[in-house]
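Now for the letters of each chain:
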Amino acid sequence: MTRVLVVDDDVRVAQTHRELVASVPGFEVVGEAHTAASALTEVHRLRPDLVLLDLYLPDAPGISVMRELRAADRDGGRGRNPVDFLVITAVRDIEQVRAALHGGAVHYLLKPFPLSALRDQLERYAVARRRLSGTGEATQSEVDRLFGLLRPASAHSLPKGLTAATSELVARTLREAEGELSAAEVGRRTGVSRVTARRYLEHLCADGRAELRLRYGSAGRPEHRYRWAR
């Protein structure tokens with residue numbers, strides 16, 4: 001499980017984010033903080049893997065939280081792997097964006113945003129984290145895919161002919177399914193053709209968010225079965 005600490009000065013927003021994180025398989029919310037001071041305390045106490053960090057905090061900027069924890073990581077003070085940060089904020093100042101980038105934020109989501117964007121980013125983070133848990137050496141293609149996973153999908157990054165709306169619909173259908181689905185089954189549930197569904201499913205597999213399994217019968221070609229990468 002990926003342990004998450006939610007940090008936001010607005011209690012209602014924090015609760016919304018908390019509920020969404022808890023709904024994503026493989027994630028659990030271990031705590032919530034509404035100030036920079038409490039964020040630091042909770043990170044040291046709870047040792048989360050990921051912090052959803054707002055930059056607008058009443059006692060100090062969220063960037064100061066990142067810097068202090070990064071310094072503690074360098075000093076070996078926490079005795080564990082460094083915590084990751086997903087910045088969620090209304091701060092649009094380019095200096096703050098640059099500081100978050102230099103601080104090692106895995107992404108920077110600007111409020112307001114559709115909750116599907118946060119879910120998408122969490123799922124991408126989970127796949128990247130799972131792949132980074134392995135050992136050995138990485139190839140350039142593996143590195144490219146890992147860094148690509150942390151960039152959210154957009155209309156420009158989809159293959160020609162695919163749309164972001166339908167991609168999200170297919171992804172949600174596969175995510176909510178109990179077990180594996182064929183392209184034909186996904187097509188029936190989403191209202192698109194089998195061929196179209198298969199194109200989207202293949203894109204999700206290439207993106208690392210879905211997995212393909214070949215089911216062999218007594219004769220003929222194997223059936224392609226897809227499941228959400230958990």
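This text goes with the structure placed above it.
Residues numbered from 1 in each chain as written. Predicted model: local features only at pLDDT ≥ 70, side-chain atom pairs only at ≥ 80, totals over all residues. Heavy atoms only, no water.

(A) A look at the packing of aromatic side chains. Summed over the entire model, instances satisfying the criterion amount to zero aromatic pairs. Directly above the aromatic system of Trp228 lies the positively charged group of Arg175, at a separation of 5.1 Å from the ring centroid. (Phe/Tyr/Trp six-rings, centres within 6.5 Å; stacked < 30°, edge-to-face > 60°. Lys NZ or Arg CZ within 6 Å of the ring centre and 35° of its normal.)

(B) A look at a nonpolar patch on the surface. On the surface, Leu212, Leu214 and Tyr216 cluster together to form a nonpolar patch covering roughly 320 Å² of accessible area. Tracing the backbone through its elements, the reader meets Leu212 in strand E6 (residues 210-215). (Patch = residues over 30% accessible without salt bridge, like charges linked within 9 Å, V, L, I, M, F, W, Y side chains within 5 Å. Areas by Shrake-Rupley, 256 points an atom, 1.4 Å probe, with all protein chains shown as cover. Salt bridge = Lys/Arg side-chain N within 4 Å of Asp/Glu carboxyl O. Helix = DSSP H or I, 4+ residues; strand = E, 2+ residues; numbered from the N terminus.)

(C) Representation of unusual backbone geometry. Residue Pro112 is bonded to the preceding Lys111 through a cis peptide linkage, with omega at -10°. In this structure, Pro112 sits in the loop between strand E5 (107-110) and helix H5 (115-132). With phi around 55°, Arg47 is a residue other than glycine that occupies positive phi space. The residue Arg47 is located in the loop between helix H2 (36-46) and strand E3 (50-53) in this model.

(D) Molecular detail of the sheet that holds E5. In space, the five strands of this open sheet follow the order E2-E1-E3-E4-E5, with parallel pairing throughout. Lying at the two open borders of the sheet, with one neighbouring strand each, are strand E2 (27-33) and E5. The sheet shows a mean angle of 20° between the axes of neighbouring strands, taken without regard to direction. As paired elements, strand E4 (residues 84-89) and E5 share four bridges and run parallel to each other. (Pairing = 2+ DSSP bridges. Axes fitted to C-alpha atoms, helices over the stretch in contact; angles between N-to-C directions.)

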